[in-house]
Amino acid sequence: MESYQTDFLNTALESQALKFGSFTLKSGRQSPYFFNLGYFSTGKLLSTLASSYAKAIIKSELKFDILFGPAYKGIPLVAITAAKLAELDPENYGDIGYAFNRKEKKDHGEGGSIVGAELKGKKILIIDDVITAGTAINEAFQIIQGENGIVAGCIIALDRQETTADSDKSATQAVSEKYDVPVIAIVTLNDIINILQGKIAPEEIKSMEAYRANYSPKN
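This write-up is about the structure you can find in this document. (Residues numbered from 1 in each chain as written. Predicted model: local features only at pLDDT ≥ 70, side-chain atom pairs only at ≥ 80, totals over all residues. Heavy atoms only, no water.)

## A short note on the packing of helix H5 (residues 135-146) against helix H6 (residues 171-179)
Going by this rule: Axis definition: a line fit to C-alpha positions, over the contact stretch in the case of helices; interaxial angles, taken between N-to-C directions, run 0 to 180 degrees. In DSSP terms, a helix is any run of H or I states spanning at least four residues, a strand is any run of E spanning at least two, and both are numbered starting from the N terminus. Every angle not falling under 35 degrees, over 145, or within 65 to 115 is termed oblique; those three ranges are roughly parallel, roughly antiparallel and roughly perpendicular. Left-handed describes a crossing whose near helix is turned anticlockwise from the far helix through less than a right angle; right-handed describes the clockwise counterpart. Pairs of residues are marked as contacts when any of their non-hydrogen atoms sit within 4.5 Å. Under the convention adopted here, Pro, Cys and the residues Ala, Val, Leu, Ile, Met, Phe, Trp and Tyr are nonpolar, Asp, Glu, Lys and Arg are charged, and Gly plus all remaining residues are polar.
Here H5 crosses H6 at 25 degrees, and the two axes come no closer than 11 Å. Overall, the two elements H5 and H6 adopt an arrangement that is roughly parallel. The crossing of H5 and H6 is right-handed. Contacts from Ile-137, Asn-138, Phe-141 and Gln-145 in H5 reach Val-175, Lys-178 and Tyr-179 in H6. Among the residues forming the contact of H5 with H6, the class breakdown is four nonpolar, two polar and one charged.

Structure, rendered in structure tokens:
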């Protein structure tokens, strides 16, 4: 287990970005845990978050030119992660560009829907918090393709490792296979269970193990 993964989960617990109990998801499933990246809401917490994303990217050795954050949650993520990459590994990532989309096209000034680096002809890494049904990620692919960019992969904070409502594959597996790109995660549900042994109540671990048994992909 990497130290950045442990640091990320410890910080998620301290900030209550990761909570345990009973939560109704959009899918209607009752989940024993819930993750909300919005609770990383101070400079100190954001610094840990940026380091976690950056170190996961560096470990992956994935080659790309531009980091892209889908509006709105992806906007702060892409900025802090691009800066942290340049800080941690300036030789390989110091010149990585970043960009994000506007929800509504600008019809004055320079116009357009993209802010930041130009995507045309560039290899793009998409950054987001989680993939559930894959809707936001699919929209990001469409935006990038519309700008004639090339998606090199995706980086997310948490892979829940559970099947979607209409498939026996997880959302991350579905996206990876559909677009033939890697999906990198800072942590997975397996990591939560393994890293937090002894740090949270045994009942909470058992609930997550049962949830994993019910909804994890079979392949």
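## Things to note about the pattern of salt bridges
What counts here: Take a side-chain nitrogen of Lys or Arg and a carboxyl oxygen of Asp or Glu: if they are within 4 Å of each other, that pair is a salt bridge. Partly exposed describes any residue whose relative accessible area lies between the buried limit of under 20% and the exposed limit of over 50%, with all areas from a 1.4 Å probe on protein chains only and scaled to the type maximum.
Counted according to the given criterion, the structure contains six salt bridges. The salt bridge partner of Glu-162 is Arg-29, with a shortest N-O separation of 2.8 Å. Taken as a pair, Glu-162 in the loop between strand S7 (150-159) and H6 and Arg-29 in the loop between strand S1 (18-24) and strand S2 (30-35) lie far apart in primary sequence, 133 residues in all. By the burial criterion, Glu-162 is buried, and Arg-29 matches it.

## Considering helix H3 (residues 74-88)
Put simply, the test is: Expected span of a helix: the number of residues minus one, times 1.5 Å.
Compared with an ideal rise of 1.5 Å per residue, which puts 15 residues at 21 Å, H3 spans 21 Å between its outermost C-alpha atoms and is within 8% of the ideal. Of all the residues in H3, the buried ones are Gly-74, Leu-77, Val-78, Thr-81, Ala-82, Lys-84 and Leu-85.

## Digging into the environment of Thr-24
Quick reminder of the rule: N or O atoms within 3.5 Å of each other form a polar contact, as long as, within protein, one can give a hydrogen and the other can take it, and as long as residues adjacent in sequence are counted only when both atoms are side-chain atoms.
By secondary structure assignment, the location of Thr-24 is in strand S1. Residue Thr-24 is classed as exposed on the basis of its relative accessible area of 55%. As for Thr-24 and Phe-34, which are separated by 10 residues in sequence, their C-alpha atoms are 9.1 Å apart. Each residue touching Thr-24, except ones within four places of it in the same chain, is listed here: Arg-29 and Gln-30. Side chain to side chain, Thr-24 and Gln-30 meet in a polar contact 2.6 Å long.

## Section: the environment of Glu-118
Relative to the helices and strands, Glu-118 is located in the loop between strand S5 (112-116) and strand S6 (123-130). Sequence separation between Glu-118 and Ala-50 is 68 residues; the distance between their C-alpha atoms is 23 Å.

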